[in-house]
Amino acid sequence: MAVSTDSLGVLNPILDTEWMEAPRRSPVWVELLAIGWLLWLYDEVNNFSAIRQPAALAHARSILRLENLLHLNPELSLNAWAALHRGLALPMSDFYDIAHFVITFAVVGLLWWRFPEQYRPMRNSLVLINVVGFAVFWAYPLAPPRMLPAAGFVDLVAVTHAFGSWRTSAVASQANELAAMPSLHLAWACWTSLAVWRILPGRRWRPLLFLYPLMVAIVVMATANHFLLDVVGGVATMIASVLIAQWLSAARAKWWPTWTGPPYLLPLRSRTWIRDRYHARCGGRVRRRLTPSP
């Protein structure tokens, strides 16, 4: 511990309290609670999938007609091309099933562990992305292109027997097949690229990060899991969620500037109280020990 001398010649300690001011990680129980709530919300929406399939298929045919009218339907060409190149179809299908979770959760873990000051606003925007997505799933169920074989689409994940095949995977069988709009694959991919962009300032190669969402967009359309409008909806969902999260963060900072996050353990004691007690106790002991005797 460093010391300094005041005008009366008394040695005063210079207390290191920087560790108290540094951003701290969000408590694990808060993150588990958020994950559990999102899983419950997703399951509640998924419970109605069976009775909403006719509406979802009708919506899918409407989306396809609209894209054909606008001449914006690259998913059929991409799907036909991928179906003819089986050597690429399986890696693309596995990428669709695995990268969506692995890459996103890896970035979430990195933010939580190394960049807590960036983690909270980015975590909030990711939660909003899912909440908005679930709301749209409920209000506008939409079947993916692969459920329209009469239109010429091929279910690549199924025919290649990929990791998440709807016919063979127990995990995939619990997912909501009628949740094409918006594409959460695209929303999560854009969120991931933005998160890494923010924690790596000044890197000239940072624009390359957004090749990842572009790759995801090609894969989700080539595997016939999303329409182009789903992709656009996913990007729009991500942008809106990030902007809302930033507005909420600014409002919280304005109206509740002393908020430092939820507690780790009970009973609750503020960091300010801990810092004051640290100064009072350690400062007093050091002053008594270092003050010269009269």
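Residues numbered from 1 in each chain as written. Predicted model: local features only at pLDDT ≥ 70, side-chain atom pairs only at ≥ 80, totals over all residues. Heavy atoms only, no water.

**Student:** Explanation requested: the overall build of the chain in the structure shown.
**Tutor:** Summing up its helical and strand segments, the chain has eleven helices and two strands in all. Along the chain, from the amino end to the carboxyl end, the secondary structure elements read β-β-α-α-α-α-α-α-α-α-α-α-α. In the chain, buried positions account for 42% of the 294 residues. The contacts in the chain between residues at least 6 apart in sequence include a share of 82% that link residues at least 24 apart. (Helix = DSSP H or I, 4+ residues; strand = E, 2+ residues; numbered from the N terminus. Buried < 20%, exposed > 50% of the residue type's maximum accessible area, 1.4 Å probe, protein only. Contact = heavy atoms within 4.5 Å.)

**Student:** Which parts of the structure should I look at to understand empty space enclosed by the protein?
**Tutor:** Using a probe with the size of a water molecule, rolled over the atoms, empty space left in the structure can be pinpointed. This structure, assessed with the given rule, holds two cavities of 30 Å³ or more. Roughly 60 Å³ of volume is contained in the largest cavity. For the largest cavity, the full set of lining residues is Phe 95, Tyr 96, Ala 99, His 100, Thr 104, His 185, Trp 188, Ala 189, Tyr 212, Val 216, Val 219 and Val 220. At the level of secondary structure, the elements contributing two or more residues to the lining of the largest cavity comprise α5 (86-114), α8 (184-199) and α9 (211-222). Grouping the amino acids of the lining of the largest cavity by side-chain chemistry returns nine nonpolar, three polar and no charged. Within this model, the second largest cavity holds a volume of roughly 40 Å³. Among the residues making up the lining of the second largest cavity, the classes are represented as five nonpolar, two polar and one charged. (1 Å grid on protein atoms, 1.4 Å probe; cavity = no way out; pocket = protein on both sides within 12 Å on 5 of 7 lines; lining within 4 Å. Points joined across faces, edges and corners; volume = space filled by probe spheres on them. Nonpolar A, V, L, I, M, F, W, Y, C, P; charged D, E, K, R; others polar.)

**Student:** Help me out: how do you make sense of α9 in this one?
**Tutor:** Compared with the 16 Å implied by 1.5 Å per residue over twelve residues, the 16 Å span of α9 between its first and last C-alpha is a close match. Buried positions along α9 lie against α4 (74-84), α5, α7 (156-159), α8 and α10 (228-255). Just beyond α9, the residue with positive phi is Ala 224, at close to 60°. (Expected span 1.5 Å × (residues − 1).)

**Student:** Is there a simple way to explain the nonpolar core in this structure?
**Tutor:** Where a protein is soluble and globular, its nonpolar side chains tend to be buried together. Residues Leu 111, Ile 129, Trp 191 and Met 238 are the most contacted members of the largest nonpolar core, which totals 45 residues. Of all the secondary-structure elements, those providing two or more residues to this core are α2 (28-46), α4, α5, α6 (116-139), α7, α8, α9 and α10. With eleven residues, the top contributor of residues to this core is α8. When sequence neighbours within four positions are dropped, the list of residues in contact with Trp 191 reads Thr 104, Val 107, Val 108, Leu 111, Met 122, Ser 125, Leu 126, Ile 129 and Met 238. (Core = buried A, V, L, I, M, F, W, Y, C linked by side-chain atoms within 4.5 Å.)

**Student:** Before we go on, may I ask you to explain the side chain of Glu 75 in this structure?
**Tutor:** Relative to the helices and strands, Glu 75 is located in helix α4. It turns out Glu 75 is buried and unbridged, and the closest side chain with the opposite charge, Arg 65, is 13 Å from it. Sequence-distant contacts of Glu 75, that is, excluding residues within four places in its chain, are made with Leu 64, Glu 67, Phe 153, Met 221, His 226, Phe 227 and Leu 228. (Lys, Arg positive; Asp, Glu negative; His and termini not counted. Salt bridge = Lys/Arg side-chain N within 4 Å of Asp/Glu carboxyl O.)

**Student:** Before we go on, may I ask you to explain the pattern of salt bridges in this structure?
**Tutor:** Pairing between side chains of opposite charge can happen when the charged atoms of each approach one another. Summed over all chains, the structure comprises three salt bridges. A salt bridge links Arg 146 to Asp 155, with the shortest nitrogen-to-oxygen separation between them at 4.0 Å. In terms of burial, Arg 146 and Asp 155 fall into one category: buried. Between Glu 177 and Arg 146 there is a salt bridge, with the nearest N and O atoms lying 3.1 Å from each other. Of the two residues, Glu 177 sits in the loop between α7 and α8 while Arg 146 sits in the loop between α6 and α7, which places them 31 residues apart along the sequence. Each member of the salt-bridge network shares a partner with another, and the members are Arg 146, Asp 155 and Glu 177.

**Student:** Teacher, can you tell me more about the packing of aromatic side chains here?
**Tutor:** Two measures describe an aromatic ring pair: the distance that separates the ring centres and the angle between the ring planes. Enumeration over the complete set of coordinates arrives at nine aromatic pairs. A centroid spacing of 5.9 Å and a plane angle of 90° characterise the contact between Phe 101 and Trp 188, whose relative ring orientation is edge-to-face. Of the two residues, Phe 101 is situated in helix α5 and Trp 188 in helix α8; the sequence distance between them amounts to 87 residues. What makes Phe 101 partly exposed here is its relative accessible area of 41%. Three or more aromatic residues joined by ring pairs make a cluster, and in this case those are Tyr 42, Phe 134 and Phe 137. Taking NZ or CZ as reference, Arg 25 lies 5.6 Å from the ring centre of Trp 112, over its face. The ring of Trp 138 has Arg 52 sitting right over it, with the charged end atom 4.6 Å from the ring centre. (Phe/Tyr/Trp six-rings, centres within 6.5 Å; stacked < 30°, edge-to-face > 60°. Lys NZ or Arg CZ within 6 Å of the ring centre and 35° of its normal.)

The quantities given are spatial measurements derived from coordinates; they are silent on function.
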